[in-house]
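Observations on the model geometry
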Amino acid sequence: QVQLVESGGGLVQAGGSLRLSCAASGLTFSRYAMGWFRQAPGKEREFVSAINWTGGSTYYADSVKGRFTISRDNAKNTVYLQMNSLKPEDTAVYYCAAKRLSASNVPGDYNYWGQGTQVTVSS
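What counts and how
Residues numbered from 1 in each chain as written. Predicted model: local features only at pLDDT ≥ 70, side-chain atom pairs only at ≥ 80, totals over all residues. Heavy atoms only, no water. Buried < 20%, exposed > 50% of the residue type's maximum accessible area, 1.4 Å probe, protein only. Helix = DSSP H or I, 4+ residues; strand = E, 2+ residues; numbered from the N terminus. Pairing = 2+ DSSP bridges. Salt bridge = Lys/Arg side-chain N within 4 Å of Asp/Glu carboxyl O. Core = buried A, V, L, I, M, F, W, Y, C linked by side-chain atoms within 4.5 Å. Contact = heavy atoms within 4.5 Å. Disulfide = S-S within 2.5 Å. Phe/Tyr/Trp six-rings, centres within 6.5 Å; stacked < 30°, edge-to-face > 60°.

Another point: the pairing of strand β5 (residues 46-51). Of all six residues in β5, five are buried, a share of seventy percent or more. Where strand β4 (residues 32-39) folds back onto β5 in an antiparallel hairpin, the turn is made up of six residues, including Gly 42, whose phi is positive at roughly 80°.

Moving on, we come to the pattern of salt bridges. A complete count under the given rule lists four salt bridges for this structure. We note a salt bridge from Arg 38 to Glu 46, for which the minimum N-O separation is 2.6 Å. What makes Arg 38 buried here is its relative accessible area of 6%. Here Asp 62 makes a salt bridge to Lys 65, at a shortest N to O gap of 3.2 Å. One network of salt bridges, with partners in common, ties together Arg 38, Glu 46, Arg 67 and Asp 90.

Take the nonpolar core next. Among the nonpolar cores identified, the biggest contains 32 residues, and Met 34, Trp 36, Phe 68, Val 79, Leu 81, Met 83 and Tyr 94 are the most heavily contacted of them. Counting residues per element, the ones that place at least two in this core are β3 (18-25), β4, β5, β7 (68-73), β8 (78-83), β9 (92-100) and β11 (117-122). No other element matches β9, which puts five residues into this core. Not counting residues within four places of it along the chain, the set of residues in contact with Val 79 comprises Leu 20, Ser 21, Cys 22, Phe 29, Met 34, Trp 36, Ile 51, Ile 70, Ser 71 and Arg 72.

The next subject is the state of the cysteines. Tallying each qualifying case throughout the model produces one disulfide. Two residues share a disulfide in this structure: Cys 22 and Cys 96, whose sulfurs sit 1.9 Å from each other. Residues Cys 22 and Cys 96 are joined through a disulfide that is right-handed, its torsion about the S-S bond being 45°. Of this pair, Cys 22 sits in strand β3 while Cys 96 sits in strand β9, and the two are 74 residues apart along the sequence. Relative accessible area serves as the criterion here: at 0%, Cys 22 is assigned to the buried category.

What follows concerns unusual backbone geometry. Here the phi dihedral of Ser 85 falls at roughly 50°; this positive angle occurs in a residue that is not glycine. With respect to the helices and strands, Ser 85 occurs in the loop between β8 and β9. If you check the backbone angles, Leu 101 has positive phi at about 60° while not being a glycine. When its relative accessible area of 35% is taken as the criterion, Leu 101 is described as partly exposed.

Next up on the list: the packing of aromatic side chains. The geometry of an aromatic ring pair is captured by two quantities: the separation of the ring centres and the angle between the planes. Within this structure, the stated rule accounts for six aromatic pairs. Ring centres of Phe 37 and Tyr 110 lie 5.2 Å apart, and the angle between their planes is 80°; on these two criteria the pair is classed as edge-to-face. Here the residue Phe 37 occupies a position in strand β4, and Tyr 110 occupies one in the loop between β9 and β10 (112-113), the gap between them amounting to 73 residues. Looking at Phe 37, the relative accessible area reads 0%, which means it is buried. For Tyr 110, a relative accessible area of 5% translates into the label buried.

Here it is in structure tokens:
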């Protein structure tokens, strides 16, 4: 049974930082691309960042480029999202997701999803 468990969310002031983690189990983690998506109230789920199965390629939404960094530790079956210079518009529930091999920015391409972690950025 595949499980993705996010952690690290919370309340932070604008300009602050958070690091999200997503621990995976029940799959061969090193064979999966990992993505981060977010969903704000009343909005559709949107792509934030993704990393391919080797960690050699990373992708970012324009809205977070230069502020967020995705990374993975295949020995720990964990993917991270370092979020710096946070803005109130980054407030959302953040989800990690897994798909085989190559990364994608399309939510429907992902096979497995975590339950999400709330990130709230106050102004």
